[in-house]
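Geometric and topological summary
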Amino acid sequence: MMNIMVKLLVFFITRPNLHHRITGLNDGLIPKEVIGRKKIGGIMYFLMWWENSHELTYVKTSDVCEQCPLLAIVYYERQFRIQELR
């Protein structure tokens, strides 16, 4: 969990222009985990962590749910558990 927090902190401190950070799943990267969610321009995006990459990028939630639904399910289950603890 701490590793994800460090990656998020580094991402938000050093992030370039957001338009360069929105990508799809067709860039050849293998998705590892969904670590966040954000609405940009009225469209919901997941913040994705990739295998063999230090880069975090935004991917449309609809693309993730369609192409790798298990990652979306794991993310929402984790969010549900966090809500239960509050």
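Residues numbered from 1 in each chain as written. Predicted model: local features only at pLDDT ≥ 70, side-chain atom pairs only at ≥ 80, totals over all residues. Heavy atoms only, no water.

Section: the pairing of strand 3 (residues 56-60)
Summarising burial for strand 3: 4 of the 5 residues are buried, a large majority. Both strand 2 (residues 43-50) and strand 3 contribute to a ladder of 5 bridges, which runs antiparallel. Across the sheet, residue Phe46 finds its bridge partner in strand 3, namely Val59. Counting the residues in the hairpin turn of strand 2 and strand 3 gives 5 residues, including Asn52, whose phi is positive at 55 degrees. (Buried < 20%, exposed > 50% of the residue type's maximum accessible area, 1.4 Å probe, protein only. Helix = DSSP H or I, 4+ residues; strand = E, 2+ residues; numbered from the N terminus. Pairing = 2+ DSSP bridges.)

Overview of the side chain of Glu33
Among the structural elements, Glu33 can be located in strand 1 (residues 31-40). One polar contact links Glu33 to Arg78, side chain to side chain, over a distance of 3.1 Å. (Polar contact = N/O pair within 3.5 Å; in protein donor to acceptor, adjacent residues only side chain to side chain.)

Points about the sheet that holds strand 1
The strand order 1-2-3 describes an open sheet built from 3 strands, whose pairing is antiparallel. Each edge of the open sheet carries a strand with a single partner, namely strand 1 and strand 3. In this sheet, adjacent strand axes meet at a mean angle of 35 degrees when their direction is disregarded. Its contacts with the sheet place helix 3 (residues 69-85) against strand 1 and strand 2, and it is angled at close to 65 degrees to strand 1. (Axes fitted to C-alpha atoms, helices over the stretch in contact; angles between N-to-C directions. Contact = heavy atoms within 4.5 Å.)

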